[in-house]
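One-letter residues, chain by chain:
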Amino acid sequence: DPSTTVTPSATFHPELLFGLSRPDLKIISSDNHLFHVHRGVLVRSSENNFADLLTAEASQEDTIHIPEVGMILEVIFTAIYGIKLAEFYSLDTLISTINLFPHYGVQPKAYIWPAASLYEAVRYQTPLAPFEVYALASRFDLEELAIAASPYLLKFSLQGITDEMADLVRPKYLLRLFCLHSSRRDALKDLLSERLEAHPPTASCNYSTYDRLCRAWVLAAACLLWDADANVSTATIQSTLLSLQDGVQCTLCRRILVTRVKSVVIQWSEMKVRCFVFPL
């Protein structure tokens, strides 16, 4: 309808250059946003002529209508052109848009990678909904994005995964998620299972005193492992283990205990950084 008012895109305007070429195609969204783009750029980025909207038969048309709202097209075109998103978009909008890429013959993996604007926009909001981002990454095999989401999934309860949620994640990535949690618990178990160092007997502290401290350590470790999830904090580990000092009179034993707790806490905090590159 010629009388319909359209809202021009600030990014995709008539003077937008690709190389030395100006746009040769106008696209109007379902909510009447106008985009000036290069037909050749869209055709090369798509495996199906942009859902058959840019076929040879339609090559003579200089204006086409696409049944998507303007913000969806803005994100798609921005990714294709490799330019920075000009506005903030909600995570729901970004995920919904990426899910539409295949419909228009656009491969998400070609445009969502570290340092790409769309990748960074999703990664920035990952703490808000890490499982949804992880599911998105699994759907399109976006390995780097899955790794970026992993730290935030440590606090995610695996028991809370419903059948519907599991269906959103490809089996390989679902296994990785379970392995991530399992390996974290095993790593904590290994850290706590090593016996405390002993010091030479003194007049006030003999082997029986050391043995009581070791048994108290084993009990405290068992309590931690029983209650702990993959995201157990260093503060929880430290406070639980240092509480054993209350029953220790020997200065040497207390020093050994504090040193060991410090070692466990440091190794656990470093492990949170190292363990997210999946082995599968």
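All figures in this text were calculated on a predicted structure; none of them were measured in a lab. (Residues numbered from 1 in each chain as written. Predicted model: local features only at pLDDT ≥ 70, side-chain atom pairs only at ≥ 80, totals over all residues. Heavy atoms only, no water.)

*Asks:* How would you summarise the overall build of the protein chain if you had to cite specific residues and measurements?
*Replies:* Counting secondary structure elements, the protein chain contains 12 helices and 4 strands. A compact globule built from 280 residues should have a C-alpha radius of gyration of about 19 Å, whereas the protein chain, at 28 Å, is more than 25% larger. Judged by the C-alpha coordinates and their principal axes, the protein chain covers about 100 × 35 × 30 Å. Looking at the protein chain as a whole, 43% of its 280 residues qualify as buried. A total accessible area of about 15,200 Å² is found for the protein chain, and carbon and sulfur atoms account for 56% of it. Averaging the positions of the 24 positive and the 30 negative side-chain charges in the protein chain gives two centres separated by 14 Å. (Helix = DSSP H or I, 4+ residues; strand = E, 2+ residues; numbered from the N terminus. Rg over C-alpha atoms; globule rule 2.2 N^0.38 Å. Buried < 20%, exposed > 50% of the residue type's maximum accessible area, 1.4 Å probe, protein only. Areas by Shrake-Rupley, 256 points an atom, 1.4 Å probe, with all protein chains shown as cover. Lys, Arg positive; Asp, Glu negative; His and termini not counted. Charge placed at Lys NZ, Arg CZ, Asp CG, Glu CD.)

*Asks:* I'd like a rundown of the pairing of strand 2 (residues 25-28), residues and numbers included.
*Replies:* In this structure, strand 2 lies alongside strand 3 (residues 33-37), joined through 4 bridges in antiparallel fashion. Paired with Leu25 across the bridge in strand 3 is Val37. A loop of 4 residues connects strand 2 with strand 3, the two strands running antiparallel in sequence, and Asn32 in this loop sits at a positive phi of about 65 degrees. Bridge count for strand 2 against strand 4 (residues 63-65) is 3 bridges, and the pairing is parallel. If you follow Ile28 over to strand 4, its bridge partner there is His65. (Pairing = 2+ DSSP bridges.)

*Asks:* I'd love a proper account of the pairing of strand 3, names of residues and values included.
*Replies:* By the criterion of burial, strand 3 is predominantly enclosed, with 4 of the 5 residues buried. As judged from the 2 bridges shared by strand 1 (residues 7-8) and strand 3, these two strands associate in the parallel manner. Looking across to strand 3, one finds that Pro8 is bridged to Leu34.

*Asks:* Describe the pattern of salt bridges, listing the residues and the values that go with them.
*Replies:* Within this structure, the stated rule accounts for 7 salt bridges. The shortest N-O distance in the salt bridge between Arg215 and Asp211 comes to 3.1 Å. One end of the pair is Arg215 and the other is Asp211, both in helix 10 (residues 207-227) and 4 residues apart, which spans about a single turn. In this structure Arg215 comes out as exposed when scored by relative accessible area, which is 52%. We classify Asp211 as partly exposed; its relative accessible area is 21%. Residues joined by salt bridges that share partners form a network here, namely Lys109, Asp141 and Lys172. (Salt bridge = Lys/Arg side-chain N within 4 Å of Asp/Glu carboxyl O.)

*Asks:* Describe the environment of His181, and please don't skip the residues or the numbers.
*Replies:* Along the chain, His181 turns up in helix 9 (residues 171-193). Separated by 134 residues in the primary sequence, His181 and Glu47 place their C-alpha atoms 38 Å from one another. The contact partners of His181, leaving out residues within four places of it in the chain, are Leu153, Leu154, Phe156, Leu158 and Ala230. Within the local environment of His181, its side chain forms a polar contact with the backbone oxygen of Leu153, the two atoms lying 2.8 Å apart. (Contact = heavy atoms within 4.5 Å. Polar contact = N/O pair within 3.5 Å; in protein donor to acceptor, adjacent residues only side chain to side chain.)

*Asks:* Account for the sheet that holds strand 1, with residues named and values stated.
*Replies:* With mixed pairing, the 4 strands of this open sheet are ordered in space as 1-3-2-4. Looking at strand neighbours, the two that pair on one side only are strand 1 and strand 4, the edges of this open sheet. Sheet strands in contact with helix 3 (residues 70-81) are strand 2 and strand 3, and its direction is about 15 degrees off that of strand 3. (Axes fitted to C-alpha atoms, helices over the stretch in contact; angles between N-to-C directions.)

*Asks:* Any chance you could break down the layout of surface pockets for me, citing the residues and the numbers?
*Replies:* Remark: the empty space left among the atoms is shown by a probe the size of a water molecule rolled over them. Approximately 220 Å³ is the volume found for the largest pocket. Around the largest pocket, the lining comprises 13 residues; the ones closest to its centre are His33, Met71, Glu74, Glu87 and Tyr89. When contributions to the lining of the largest pocket are tallied by element, the ones reaching two or more residues are strand 3 and helix 3. In terms of residue count, helix 3 provides more of the lining of the largest pocket than any other element does, 3 residues in total. Residue composition of the lining of the largest pocket, grouped by class: 6 nonpolar, 4 polar and 3 charged. (1 Å grid on protein atoms, 1.4 Å probe; cavity = no way out; pocket = protein on both sides within 12 Å on 5 of 7 lines; lining within 4 Å. Points joined across faces, edges and corners; volume = space filled by probe spheres on them. Nonpolar A, V, L, I, M, F, W, Y, C, P; charged D, E, K, R; others polar.)

*Asks:* Tell me about the environment of Ser46, residues and numbers included.
*Replies:* Here Ser46 lies in the loop between helix 1 (39-45) and helix 2 (49-52). Separated by 109 residues in the primary sequence, Ser46 and Lys155 have C-alpha atoms spaced 38 Å apart. When sequence neighbours within four positions are dropped, the list of residues in contact with Ser46 reads Tyr104 and Gly105. Looking at Ser46, its side chain comes within polar contact range of the main-chain oxygen of Tyr104, at 2.7 Å.

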